Every structure is written in structure tokens, then in C-alpha cells.
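Remarks on the overall topology
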Amino acid sequence: MKFFRKINFGVIVLLIVVISVAVYMIYMNSKYNDLGEEANVFLVSFFEADADWGTVPEEYRKDSKSYIELIEKDVKKYFCDDGAYEFYIKNAILAQYESNNFYDQSDRKFNEATIFETAYDGENFEVFLTVDTSFFSGSVNMTLIEADGGFKIKCLDYPFPEFVNVTAGESW
């Protein structure tokens, strides 16, 4: 009789382990799917805002410092740290001042972003997407991290204006 009790106890422990693993896998799959949806909302918001920031208003075209101060609060909320923010500002905004080549509002329109692949390692959420704008249409790779109850950009492999000499995918 004791033999059957031990078998039953072992079977019960095995069932608990199997059920726990299944629940964990379902939870992680659900979280991963939710991350994809959240990332899509975040990315659309970023690219729409990027189209606006990339258009330096006429009154700020002689004063980069004032323009950067104007957009700083809005831009920083998308980036995980100052290094990522400064890389973006340098290549998306300051490059226009350095080349004295500015976009008009009609040059910078965001149309669509479609995620075609993602990868999540528990910390970094890699996103591979296709972006369609009035000045660029093609693939973009981004690394996002969860911070402050949402996503922040850690690394961005994005086609900055053609007058910028930047190595794509540079790590911040």
C-alpha cells in the first residue's frame, strides 16, 4: 500500500510541475504577443512625431539650441537614456543645421509602419519593421526596452537624412 502512495505522490508532483510549466509558457507567449501590440502603438507614435521634429520651422533655422530645447521634452520620452537621445538629435536634427539643408513639412510625412519580425530576450525587444514615409520606404531595425511603464528606444537603425554620414545601426 505504501508503494502506491509513493507513486501517487510522485505522479501528483509530476502533474504540478507539468501544469506549472504549461501555465508559464502560456503566460510568456501572451506577454510576448502583448509586447508586439504595444510596440506597434509606440513605433507609430514615434515615427509620426519624428516626421514633425525633422521639420525645423523657419523661425528656428538659425538657432539650433532653441529648437532642440523646444522639442527636447517630447523627444526624450522616446529614448531610454541620454546617449540614445543625443545620437538621434545629432543625426536627425543637428545634421540639418550643419548642412544648412532643411526639410519642409511636405517632405516629412509618415504613412505606415508594419512589424514583420520581433525577438525578445527578456530584456531587449528587437523589432524589425517596414516603414513607409514620404522620404523613405524600407526596413528599420530597433531595439526597445521596457521602462517607465512602456517602451523606450535603446538602439535605432534608421535612415537619417541623406546628407548625414552615419554608420547604420551604430550602437549608443
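Since the structure is predicted, the reported quantities are computational estimates derived from the model, not experimental observations.

Cut-offs and rules
Residues numbered from 1 in each chain as written. Predicted model: local features only at pLDDT ≥ 70, side-chain atom pairs only at ≥ 80, totals over all residues. Heavy atoms only, no water. Helix = DSSP H or I, 4+ residues; strand = E, 2+ residues; numbered from the N terminus. Buried < 20%, exposed > 50% of the residue type's maximum accessible area, 1.4 Å probe, protein only. Bend = angle between axes of the 7 residues up to and from the residue. Patch = residues over 30% accessible without salt bridge, like charges linked within 9 Å, V, L, I, M, F, W, Y side chains within 5 Å. Areas by Shrake-Rupley, 256 points an atom, 1.4 Å probe, with all protein chains shown as cover. Salt bridge = Lys/Arg side-chain N within 4 Å of Asp/Glu carboxyl O. pLDDT = per-residue confidence, 0-100.

Right, let's talk about the environment of Val 140 for a bit. Note on placement: Val 140 falls in strand S3 (residues 137-147). Assessed through its relative accessible area of 0%, Val 140 is described here as buried. Separated by 18 residues in the primary sequence, Val 140 and Tyr 158 have C-alpha atoms spaced 5.5 Å apart.

Glancing now at helix H2 (residues 64-76). The axis of H2 is deflected most strongly, by about 40 degrees, at Leu 70. Buried residues of H2: Tyr 67, Ile 68, Ile 71 and Val 75, and no others.

The subject of this paragraph is a nonpolar patch on the surface. Taken together, the side chains of Phe 9, Val 13, Val 17, Val 21, Tyr 24, Met 25 and Tyr 27 present a nonpolar region at the surface, about 750 Å² in accessible area. Within the fold, Tyr 24 resides in helix H1 (residues 2-53).

Model confidence for the protein is summarised by a mean pLDDT of 81, while 85% of its residues fall at 70 or above. When pLDDT is averaged over each helix and strand of the protein, the minimum, 80, is found for H1 and the maximum, 92, for H2.

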